[in-house]
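Take a look at the letters that make up each chain.
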Amino acid sequence: MAFFNEVKNIVFTVIIVILSTTLIAVSVVFALRGAEINEAYLTASSELETTRENLAATESEKSSVESQLEAERQERQRLEQENAGLKSEIEQLKAKKAEEEAKKLALQQQQQAQQVRPPQTPPPATKVCYLTFDDGPCENTLAILNILARYNAKATFFVKGNSKCIDYVKNIKDAGHAVGLHTYTHDYKQLYASDAAYFNDLNAVSAAVEQRIGNVKLVRFPGGSSNEVSKHCPGIMTRLTKSVPEAGYAYFDWNVDSGDAMKFNSQQIIEAVLSQASKKSGAICVLMHDIKINTTQALPSVIEGLIQQGYYFDVLSHDSYGFHHGVKN
Ligand code: ZN
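Residues numbered from 1 in each chain as written. Predicted model: local features only at pLDDT ≥ 70, side-chain atom pairs only at ≥ 80, totals over all residues. Heavy atoms only, no water.

Asks: What should I look at first to understand unusual backbone geometry in this one?
Replies: A cis geometry characterises the amide bond from G136 onward to P137, with omega recorded as -5 degrees. The residue P137 is located in the loop between strand 1 (128-134) and helix 2 (139-151) in this model. We note that N152 has phi near 50 degrees; this positive angle belongs to a residue other than glycine. Residue placement: N152 occurs in the loop between helix 2 and strand 2 (155-160). Non-glycine residue K263 carries a positive phi angle of around 60 degrees. With respect to the helices and strands, the residue K263 is situated in the loop between strand 6 (256-257) and helix 7 (266-278). Classification of K263 by relative accessible area gives exposed; the value is 75%. (Helix = DSSP H or I, 4+ residues; strand = E, 2+ residues; numbered from the N terminus. Buried < 20%, exposed > 50% of the residue type's maximum accessible area, 1.4 Å probe, protein only.)

Rendered as structure tokens:
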């Protein structure tokens, strides 16, 4: 029995030992496992923290990118506005340029129109003849006046201011003819040197006439308004044909040239005048020179021939048709 008890004790002890060992082993295993879990938890926590931090960093980065984007958007908007401003400025400049070009073109056209200014409208249809005598007065002027008186024909004398017979302007006027201003010197080079030079010459002849018979406002340009002897002063006739009328003068050219300045003899003068006159349907203005003896000799036949063609004679006045030539300079 004792033995049995002994064995029982031993078995019991062994069982206790085994159970204790197992318990210890299980405890150790659990303890180890707990440490492992704890470590994993710590690792996971730290990872979570890192992730949070990363997230926060990402959030901040996102907000920075967003603010950058906003700044860029604003900059783009500003640039677009600036661009629109520049575009409108360009449009304005273009419009201004177009306006300038239109003005320039208009000016060019105006200048061209002046350079090739056409003659006035056709002369009046009435068969009036304006006989005109340039470059006097001179001794011969008195003979001309006698012939005109014989036919009761009126004429117009465009006088030269420095003529030694300038006093005859009074005889001309007293006989019922008209006096006009031609030039003081008749020196083409000098009087067409400049616009101012022309007006100096005009003022000189005007003063010479005025002190004898009063103010005269009829003008004939030396060489006519179509002259090319003034070419050394480009455009001067274009300007003078405006400025002289603006100064209150009326200027007259002619539409029948007697040719007496070209040394025509009296027969040639008669033929030239009557032939040209016969081809006109209305008013005529005949260019002659009282300083030419051939003209004096031709004059009676010229007057008679014109009367036969139906013309009557009158003096030019400020309002008469101007017979203007086309300006060539
Ligand atoms: Zn002349």
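Resuming the write-up.
Asks: Is there a simple way to think about the nonpolar core in this case?
Replies: Generally speaking, soluble globular proteins have nonpolar side chains that are buried together. Judged by nonpolar contacts, the single largest core of 50 residues is most densely connected at L131, F133, L148, F157, Y198 and L306. Not counting residues within four places of it along the chain, the set of residues in contact with L131 comprises L148, K154, A155, T156, V286, M288, I303, L306 and F313. If you look at the next biggest cluster of nonpolar residues, it comprises 14 residues, including V128, F158, A178 and L287. (Core = buried A, V, L, I, M, F, W, Y, C linked by side-chain atoms within 4.5 Å. Contact = heavy atoms within 4.5 Å.)

Asks: Mind showing me how you'd approach the packing of aromatic side chains here?
Replies: To describe a pair of aromatic rings, one takes the distance between the centres and the angle between the planes. Applying the stated rule across the entire model yields 9 aromatic pairs. Seen in terms of ring centroids, F133 and F157 are 5.0 Å apart; in terms of plane orientation they differ by 20 degrees. Their pairing is stacked. With F133 in strand 1 and F157 in strand 2, this pair connects stretches of sequence that are 24 residues apart. Using a relative accessible area of 0% as the deciding quantity, one classes F157 as buried. Seen from their ring centres, Y192 and Y198 are 6.1 Å apart, and the 5 degrees between their planes marks the pair as stacked. By relative accessible area, which is 1% here, Y198 ends up buried. Three or more aromatic residues joined by ring pairs make a cluster, and in this case those are Y188, Y192, Y198, F199, F221 and Y251. (Phe/Tyr/Trp six-rings, centres within 6.5 Å; stacked < 30°, edge-to-face > 60°.)

Asks: Can you walk me through the packing of helix 2 against helix 8 (residues 293-308) in this structure?
Replies: When two helices pack together, their arrangement is captured by the angle between the axes and the distance separating the axes. Interhelical geometry of helix 2 versus helix 8 gives an angle of 15 degrees and a closest axis separation of 10 Å. The angle between helix 2 and helix 8 falls in the class roughly parallel. Our pair here, helix 2 against helix 8, has a crossing hand that is right-handed. Contact with helix 2, carried on its side by N140, A143, I144, I147, L148, R150 and Y151, involves I293, T296, L299, P300, I303, E304 and I307 of helix 8 and no other residues of that element. A breakdown of the residues in the contact of helix 2 with helix 8 according to their chemical character gives 10 nonpolar, 2 polar and 2 charged. (Axes fitted to C-alpha atoms, helices over the stretch in contact; angles between N-to-C directions. Parallel < 35°, antiparallel > 145°, perpendicular 65-115°, else oblique. Left-handed = near helix turned anticlockwise from the far one by under 90°. Nonpolar A, V, L, I, M, F, W, Y, C, P; charged D, E, K, R; others polar.)

Asks: When you look at the environment of H289 in this model, what are you seeing that I'm missing?
Replies: Within the secondary structure layout, H289 lies in strand 7 (residues 284-289). Residues H289 and G326 lie 37 residues apart in sequence; the distance between their C-alpha atoms is 22 Å. If sequence neighbours within four positions are ignored, H289 has contacts with F133, D134, D135, D260, A261 and T295.

Asks: I would appreciate a short explanation of the coordination of the zinc ion in the present structure.
Replies: Tetrahedral coordination by four donors puts the ideal angle at the metal at 109.5 degrees, and octahedral coordination by six puts it at 90 or 180 degrees. Within the first shell, the zinc ion binds the protein through D135 (OD), H182 (NE2) and H186 (NE2), at distances of 2.1 to 2.2 Å. For the zinc ion, the single-chain donor residues occur in sequence as D-x46-H-x3-H. Here D135, found in the loop between strand 1 and helix 2, pairs with H182, found in strand 3 (residues 178-183); they are 47 residues apart in sequence, far enough to count as distant. Both residues of the pair, D135 and H182, count as buried. (Donors = N, O, S within 2.8 Å, 3.2 Å for Na, K, Ca; no water.)

Asks: Please explain the state of the cysteines as it appears in this structure.
Replies: Disulfide: a covalent bond connecting the sulfur atoms of a pair of cysteines. All chains considered together, the criterion is met by 0 disulfides. For C129, which is in no disulfide, the shortest distance to another cysteine sulfur is to C285 and amounts to 7.9 Å. The buried category is assigned to C129, whose relative accessible area is 0%. This cysteine, C138, is not joined by any disulfide, and C165 carries the nearest cysteine sulfur, 6.3 Å off. According to the relative accessible area criterion, C138 is buried, its value standing at 15%. (Disulfide = S-S within 2.5 Å.)

Asks: Would you take a moment to explain the pairing of strand 2 for this structure?
Replies: Regular strands place their side chains on alternate faces of the sheet. A large share of strand 2 lies buried, amounting to 5 of its 6 residues. Where strand 1 meets strand 2, 4 bridges bridge the pair, whose relative direction is parallel. When the bridges of strand 2 are listed, D134 appears paired with F158. Crossover handedness for the path strand 1 to helix 2 to strand 2: right-handed. Inspection of the sheet shows strand 2 paired to strand 3 by 5 bridges, in the parallel sense. (Pairing = 2+ DSSP bridges. Right-handed = clockwise from strand over helix to strand, strands pointing away.)

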